[in-house]
Amino acid sequence: MKFEDLIIDNSQTIEKNRLLENRLIAVRNRNRGTMLSKLPNETHKLETITTFRGVTFINDAKSENINSTYYAIEQIKTSMVWIIGSDDAQTDYKKLLPIVSSKVRALVCFGTQNERLIEIFKGYIPLVVECQDINTAVREAFYASQREGVVMFSSACPCGQLYADYQQRGDAFKNAIAQL
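For clarity, every value in this text was computed on a predicted model and none was experimentally measured.

So, the overall build of the protein
Moving on, step 1. Check the secondary structure of the protein and you find 7 helices and 6 strands.
Moving on, step 2. When its helices and strands are written in sequence order, the protein yields α-α-β-β-α-β-α-β-α-β-α-β-α.
Moving on, step 3. Split into buried and exposed, the 180 residues of the protein put 42% on the buried side.
Moving on, step 4. A fraction of 70% describes how many contacts in the protein between residues 6 or more apart in sequence connect residues 24 or more apart.
Moving on, step 5. A total accessible area of about 10,500 Å² is found for the protein, and carbon and sulfur atoms account for 50% of it.

So, in structure tokens, the structure goes:
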């Protein structure tokens, strides 16, 4: 055996590892969706609240991290208006850009991190609206939606100072819808 035959071609190994990694990610994403779709419908997790004048309102207040919100946005089959209320400066919302740029037609943000959210999502979402409270956010989202459209509330972060927990956050969203 020659010495040249013993040398490993690193470029082939790296490419094989990259293909394997991409395949594993695809399988993980497919399995995650399958597993989550088998869970019983929960309050505050992709909960359809009502359809008002052709606009369907979905409460996803339980999504307190990027993965959960990514999955929620992925489940919506049409373009949507996304309401996000955040006072969390640590969440890396940039990880949502791939799905947001293809699914979200308008973003309505409220909370203490509005400037940060606007900076991250401008250029990726055609319309970004800033509000001070959930009631105004729901009203603005309704106006920004299209007939047969979807408005979803999903913060992708822990509740922080705005609400005590995700239940309170989801209930505030439901109460704001009732005031339309």
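As for the pattern of salt bridges
Moving on, step 1. All told, the structure shown has 4 salt bridges when counted by the stated rule.
Moving on, step 2. Residues R169 and E64 are paired through a salt bridge, measuring 3.5 Å at the closest nitrogen-oxygen approach. Of this pair, R169 sits in helix α7 (residues 166–178) while E64 sits in the loop between β2 (55–59) and α3 (66–75), and the two are 105 residues apart along the sequence.
Moving on, step 3. With a relative accessible area of 1%, R169 lands in the buried category.

Topic: the nonpolar core
Moving on, step 1. Residues F57, I83, V108, F110, I134, V138 and F173 are the most contacted members of the largest nonpolar core, which totals 25 residues.
Moving on, step 2. Of all the secondary-structure elements, those providing two or more residues to this core are β2, β3 (80–86), β4 (104–111), β5 (127–131), α6 (134–144), β6 (150–153) and α7.
Moving on, step 3. Here this core takes 6 residues from α6, the largest share from any one element.

Quick look at the sheet that holds β4
Moving on, step 1. As summarised here, the arrangement of the 6 strands in space is β1-β2-β6-β3-β4-β5, forming an open sheet in which the pairing is mixed. Bordering the open sheet on either side are β1 (47–52) and β5, each of which pairs with just one other strand. Pairs of neighbouring strands in the sheet enclose a mean axial angle of 20°, with direction left out of account.
Moving on, step 2. With 4 bridges connecting them, β2 and β6 associate as parallel partners. Along β6, the bridge assignment pairs F57 with V151.
Moving on, step 3. Relative to β4, helix α5 (residues 114–121) is tilted by about 160°, and along the sheet it contacts β3, β4 and β5.

Comments concerning the packing of aromatic side chains
Moving on, step 1. Applying the stated rule across the entire model yields 7 aromatic pairs.
Moving on, step 2. On the basis of an interplanar angle of 25° and a centroid distance of 6.4 Å, the ring pair of F57 and F142 is categorised as stacked. A residue pair is termed long-range when its members are at least 10 positions apart, and F57 in strand β2 and F142 in helix α6 qualify at 85 residues.
Moving on, step 3. Judged by relative accessible area, F57 falls into the buried class, the value being 0%.
Moving on, step 4. Judged by relative accessible area, F142 falls into the buried class, the value being 13%.

Basis of the calculations
- Residues numbered from 1 in each chain as written.
- Predicted model: local features only at pLDDT ≥ 70, side-chain atom pairs only at ≥ 80, totals over all residues.
- Heavy atoms only, no water.
- Helix = DSSP H or I, 4+ residues; strand = E, 2+ residues; numbered from the N terminus.
- Buried < 20%, exposed > 50% of the residue type's maximum accessible area, 1.4 Å probe, protein only.
- Contact = heavy atoms within 4.5 Å.
- Areas by Shrake-Rupley, 256 points an atom, 1.4 Å probe, with all protein chains shown as cover.
- Salt bridge = Lys/Arg side-chain N within 4 Å of Asp/Glu carboxyl O.
- Core = buried A, V, L, I, M, F, W, Y, C linked by side-chain atoms within 4.5 Å.
- Pairing = 2+ DSSP bridges.
- Axes fitted to C-alpha atoms, helices over the stretch in contact; angles between N-to-C directions.
- Phe/Tyr/Trp six-rings, centres within 6.5 Å; stacked < 30°, edge-to-face > 60°.

Everything listed is a geometric property; what it means functionally is a separate question.
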